[in-house]
Amino acid sequence: MLLWASLLVLAPVCGQLEAASKPVISLHPPWTVAFRGETVTLTCNVFHFHAPEKIKRFLWYLEGRMLRETPRNTLEVHDSGQYRCQTQDSLPSDHVSLTFSSENLILQAPPFVFEGDSVVLRCRANAEITLDTMTLHRQGEVLSVSDESSDFRIEQASLRDNGDYHCSGFKNGCCSYFSNTINIKVRELFPRPVLTASLSPSVSGKSVTLTCKTQLPPLRSDVKLWFRFFKDDHMLQLGLESFLKISTLTTRSRNPPYYWCEAQRGSSGVCKQSQKSQLRVQIPVSRPVLTLSPRGALVPEGHTVTLSCKAERGSPRILYKFYRENISLGSRSVLSAGGVSLRVTVMVQDSGNYFCTADNGFRPQRSEAKSLSVKVPVSRPILTIRRPRSQAVEGDVVELRCEAQRGSPPILYRFYHEDNALGSSWVYNRGGASFKLPLSAEHSGKYACETDNGLGAWRSETVSLDVKVPASRPVLTVRTPRAQAVEGDVVELRCEAQRGSPPILYRFYREDVPLRSSSAPSGGGTSFYLSLTTEHSGNYSCEANNGLGAQRSEVVSLSVIVPASHPTLTLRAPRAQAKVGDMVELRCEAQRGSPPIQYRFYHEDVPLGNSLAPSGGGASLNLSLTAEHSGNYSCEADNGLGARRSEAVPLSMSGLTGSRSGPIATGVTGGLFSTLGFGVMALLLYCRLPRKAGGRPTSDPSRSPSDSDIREPIYHNAPAWLELQPVYSNVNPKGGEVVYSEVQRIPQGSRPAANPDSVLGLLRTHLPPHGQAASHRPSDPPGSSVIYSQVKVA
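The rules behind these values
- Residues numbered from 1 in each chain as written.
- Predicted model: local features only at pLDDT ≥ 70, side-chain atom pairs only at ≥ 80, totals over all residues.
- Heavy atoms only, no water.
- Helix = DSSP H or I, 4+ residues; strand = E, 2+ residues; numbered from the N terminus.
- Buried < 20%, exposed > 50% of the residue type's maximum accessible area, 1.4 Å probe, protein only.
- Contact = heavy atoms within 4.5 Å.
- Areas by Shrake-Rupley, 256 points an atom, 1.4 Å probe, with all protein chains shown as cover.
- Disulfide = S-S within 2.5 Å.
- Patch = residues over 30% accessible without salt bridge, like charges linked within 9 Å, V, L, I, M, F, W, Y side chains within 5 Å.
- Salt bridge = Lys/Arg side-chain N within 4 Å of Asp/Glu carboxyl O.
- Pairing = 2+ DSSP bridges.
- Axes fitted to C-alpha atoms, helices over the stretch in contact; angles between N-to-C directions.
- Phe/Tyr/Trp six-rings, centres within 6.5 Å; stacked < 30°, edge-to-face > 60°.
- Lys NZ or Arg CZ within 6 Å of the ring centre and 35° of its normal.
- pLDDT = per-residue confidence, 0-100.
- Core = buried A, V, L, I, M, F, W, Y, C linked by side-chain atoms within 4.5 Å.

A. Region of interest: the overall build of the protein. Across its full length, the protein holds six helices and 64 strands. Expressed as a percentage of its 794 residues, the buried residues of the protein come to 43%. When contacts within the protein are restricted to residue pairs at least 6 apart in sequence, long-range pairs at least 24 apart make up 63% of them. Of the roughly 41800 Å² of accessible surface on the protein, a fraction of 50% belongs to carbon and sulfur atoms.

B. Broad picture of the state of the cysteines. A full pass over the atoms with the stated rule returns seven disulfides. Across the disulfide from cysteine 123 sits cysteine 167; the S-S distance is 2.1 Å. Torsion about the S-S bond of the cysteine 123 and cysteine 167 cystine: about 80 degrees, corresponding to right-handed handedness. One end of the pair, cysteine 123, is in strand 11 (residues 119-125); the other, cysteine 167, is in strand 15 (residues 163-171), and 44 residues separate them in sequence. With respect to burial, cysteine 123 and cysteine 167 carry one shared label: buried. Across a sulfur-sulfur distance of 2.0 Å, cysteine 588 and cysteine 635 are joined as a disulfide pair. Handedness of the cysteine 588-cysteine 635 disulfide follows from its S-S torsion of about 75 degrees: it is right-handed. Here cysteine 635 lies in strand 60 (residues 631-638) and cysteine 588 lies in strand 56 (residues 583-589), a separation of 47 residues in the sequence.

C. Structural view of the environment of tyrosine 323. Along the chain, tyrosine 323 turns up in strand 29 (residues 318-324). Measuring from C-alpha to C-alpha, the distance between tyrosine 323 and cysteine 356 comes to 5.9 Å, with 33 residues separating the pair along the chain. Residues contacting tyrosine 323, with those up to four places away along its chain left out, are Ser328, Leu329, Asn353, Tyr354, Phe355 and Thr357.

D. Summary view of a nonpolar patch on the surface. On the surface, a nonpolar cluster with roughly 390 Å² of combined accessible area is contributed by Trp226, Met235, Leu238 and Leu240. Considering the arrangement of structural elements, one finds methionine 235 in strand 22 (residues 234-239).

E. Layout of the pattern of salt bridges. This model, assessed by the stated rule, comprises 32 salt bridges. Between glutamate 115 and lysine 272 there is a salt bridge; the shortest N-O distance is 3.2 Å. Here lysine 272 lies in strand 25 (residues 271-273) and glutamate 115 lies in the loop between strand 10 (113-114) and strand 11, a separation of 157 residues in the sequence. On the accessibility criterion, glutamate 115 (12% relative accessible area) is buried. One network of salt bridges, in which partners are shared, links Arg414, Asp419, Glu450, Asp452 and Arg459.

F. Broad picture of the pairing of strand 32 (residues 352-359). The buried fraction of strand 32 amounts to six of the eight residues, a majority that puts the element mostly inside the structure. When strand 29 meets strand 32, the two strands line up antiparallel, connected through six bridges. The residue of strand 32 that forms the bridge with tyrosine 320 is alanine 358. As defined by bridge partners, strand 32 adjoins strand 33 (residues 365-366) across two bridges and the pair is classed as antiparallel. Counterpart to alanine 358 in the pairing with strand 33 is glutamine 365. Between the antiparallel neighbours strand 32 and strand 33 lie five residues, among them glycine 361 with a positive phi of about 105 degrees.

G. Summary view of the sheet that holds strand 11. Reading across from one edge, 9-11-14 is the order of the three strands in this open sheet, with antiparallel pairing throughout. Whereas interior strands pair on both sides, the edge strands pair on one side only; in this sheet they are strand 9 (105-108) and strand 14 (151-154). Here the average twist between neighbouring strands, direction ignored, is 15 degrees. In this sheet, strand 14 lies alongside strand 11 in antiparallel orientation, the contact comprising four bridges. Looking at the pairing, valine 120 lines up with arginine 153 of strand 14.

H. Representation of unusual backbone geometry in the model. Between proline 502 and proline 503 the backbone carries a cis peptide bond, its omega angle lying at 0 degrees. The residue proline 503 is located in the loop between strand 47 (490-496) and strand 48 (504-510) in this model. With an omega of -5 degrees, the peptide bond between proline 595 and proline 596 qualifies as cis. Along the chain, proline 596 turns up in the loop between strand 56 and strand 57 (597-603). Although it is not a glycine, glutamine 139 adopts a positive phi angle of roughly 55 degrees. Structurally, glutamine 139 can be placed in the loop between strand 12 (133-138) and strand 13 (141-146).

I. Representation of the packing of aromatic side chains within the structure. Inspection of every chain in the model, using the stated rule, returns five aromatic pairs. Both rings, one in tyrosine 323 and one in phenylalanine 355, keep their centres 5.1 Å apart while their planes meet at 15 degrees; by these two values the pair is stacked. In this pair, tyrosine 323 sits in strand 29 while phenylalanine 355 sits in strand 32, placing the two residues 32 residues apart along the sequence. Here tyrosine 323 matches phenylalanine 355 in class, with each residue buried. Positioned over the ring face of phenylalanine 190 is lysine 272, at 5.2 Å from the centre of the ring.

J. Structural context of the environment of serine 149. By the secondary structure assignment, serine 149 is in the loop between strand 13 and strand 14. What makes serine 149 partly exposed here is its relative accessible area of 35%. For serine 149 and cysteine 123, which are 26 residues apart along the polypeptide, the C-alpha to C-alpha distance reads 8.8 Å.

K. Geometry of the confidence of the model for the protein. Taken as a whole, the protein shows an average pLDDT of 78; of its residues, 76% reach a score of 70 or greater. Contacts of residues 201-205 to residues separated by more than four positions or lying in other chains number two contacts, the stretch itself having pLDDT below 50. Low pLDDT, under 50, characterises residues 658-794; the predicted model gives this stretch 205 contacts beyond four residues in sequence or across chains.

L. Structural detail: the nonpolar core. Judged by nonpolar contacts, the single largest core of 40 residues is most densely connected at Val40, Leu42, Trp60, Leu98, Leu210 and Phe229. Once residues within four sequence positions are removed from consideration, leucine 210 is found in contact with Leu195, Thr196, Ala197, Phe229, Ser242, Phe243, Leu244, Ile246, Tyr259 and Leu279.

M. Molecular detail of the pairing of strand 48. Where strand 48 lies against strand 49 (residues 513-520), seven bridges are found, and the strand directions are antiparallel. When the sheet's bridge partners are listed, phenylalanine 508 is paired in strand 49 with arginine 516. From the end of strand 48 to the start of strand 49, which pair antiparallel, there are two residues, and glutamate 511 there has a positive phi angle of about 50 degrees. As paired strands, strand 48 and strand 51 (residues 538-545) are joined by six bridges and run antiparallel to one another. Bridging from a neighbouring strand, leucine 505 pairs with asparagine 545 of strand 51.

N. Local environment of the environment of glutamate 589. As for its placement among the helices and strands, glutamate 589 is situated in strand 56. Since its relative accessible area comes to 7%, glutamate 589 is described here as buried. Glutamate 589 sits 28 residues away from glycine 617 along the chain, and the two C-alpha atoms are 6.2 Å apart.

Have a look at this one:
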């Protein structure tokens, strides 16, 4: 249960494993600088590593080269250089630099200075020179001057005493001397302590043992440290003991106290404090796991192997130890979660089984053993790509073949595309590995493979693969500047395949006839511009081809509409000189224009009527002339793309002189009455006689202005002309302002029906009854058309 907190949550102490596994060289006399001809004794000190009786030889190195092997741990030297020592089962020590000088003045200092040390710096002159005064300098500044002693002291050394030191000497009446420069670097005496807590085995659950843990360097292992324990701000204990037992009976408090400790050198030396923390339950360490890196521990002789040991569970502090065939290789403590590592330079004789242990004070746990053997490193592999055709096409299956010429199996082969892993395969004998890949467009790029038999991975040179994608079925788009395609417009034919490797060749077709081709070097689509004429109506398509098969688009229909041209107006009268009462045909026709065309007729810009030609061609308007019909006539053609007006055509009638008022109007009225009987008789005769061929409807699309000259009357055979003759009746015998004349046209059974949009249709109306005019109005024959024209009386 979570009642107590371990205070061991900090990182492991740096250099602790090295201190336990490396020897340390000490000097006698303890100076790194001496005069030439003098001798210095080196001692190879081994601390907590192997029992002295197990150490059979000591190896000495000068400037990295083997100097001597001795059965004892001492060696006398008199040559300048960097010295190291090593036992048969240890790592080499840190180097110690010695200088044998021939100068007149030297500055001597110890090789190692720790916090709190009393350091002696000796300014020493050659035996042949006697100096009157000596001065000590640091970083070029004077620290001390003495005329009695050559020794200078630094009491309670700290980090602020780091720097470059030298000394100078002066002989009265003679000269000055300057020594060599020595760099003093004060080392940490011990790291910041860590407070740990563990349940007491003798009184389980009743008390907790607090331990203030730190580490002295081997060269200062004789230093006495004082320990203080605190609960919040109250000191619980002071003494040389680094542990304290406390009761656990008060641990259920809502605000548990904080515990911390201090470690101090002597009573007034270096003092360091641990972190403050609350207590939790101490968890026994689980069985650790040992891993070897490189993976599989197949390394060549002389290479370095990293041994990593980690326990997944366990309260810190955890002590890890490494072994080879029960021979200890080293140890390290960690103050937080995580494992530790040990690097070992292996030789042939280092092959064997390795294991590690983990211990946090309850019981040591041992890992499974890992075997280490020396093998041949793998060589750089060669990657080849085998494909079914000269070009790699989407959908193909290619084989990636990777092979290393040398290397001890098993070998792990990995395949990569643009540094992204594709797959891997183990090969347990000679030969390579293959990887089959179904291609898609995304598989273009650079490929490589990698071999690894545990002695280091080797990557092949890259091989490029360009996957071609067949062009997809393109889409043809016709872009017009308006809703309808009109003659003269410039339209854009856009062809684009959504997929396909460039370059793509596009071809445009009209009714399967090639129009133009264009290439898209970078992919995408292409356009073709077309200035429209009437011949461009039809079905269009396009084709995309990038060398892997042509694809045709769906057909797109284009209908080009032609604006109506200026129409031509033709007046057709029954005689050379039109007279009042004549029936005149107004024929309007536009030579060009897409149907349907709406025709409008005008007299002095006043609309007369309109007619629709659904299939094109022209349209006609029949007009029974009155005196007011003299003037200029015109017509207009409109098929929705803009109306076009014809030139004006004048119409004049004979027999109209002077004023039209009075007698003329009376004569006209009288003439209408006098001819009424003849008109009725002619109409009856016309209705009873069989109709002969030769007539045309008023809106005949097959007629054109070129059929006859507009200045000449058009004559037809008698029945046809008789058909066009009006039947007049007086509809206003009482007189008045307006006299209406009624014109009736009686169709035959074989005669085509009149266009309802024509002027005849628009003018066909029945007046409402008005006085006696309605009673005197003759009855309309069945199926007859009635046209009313208006005559004003002056």
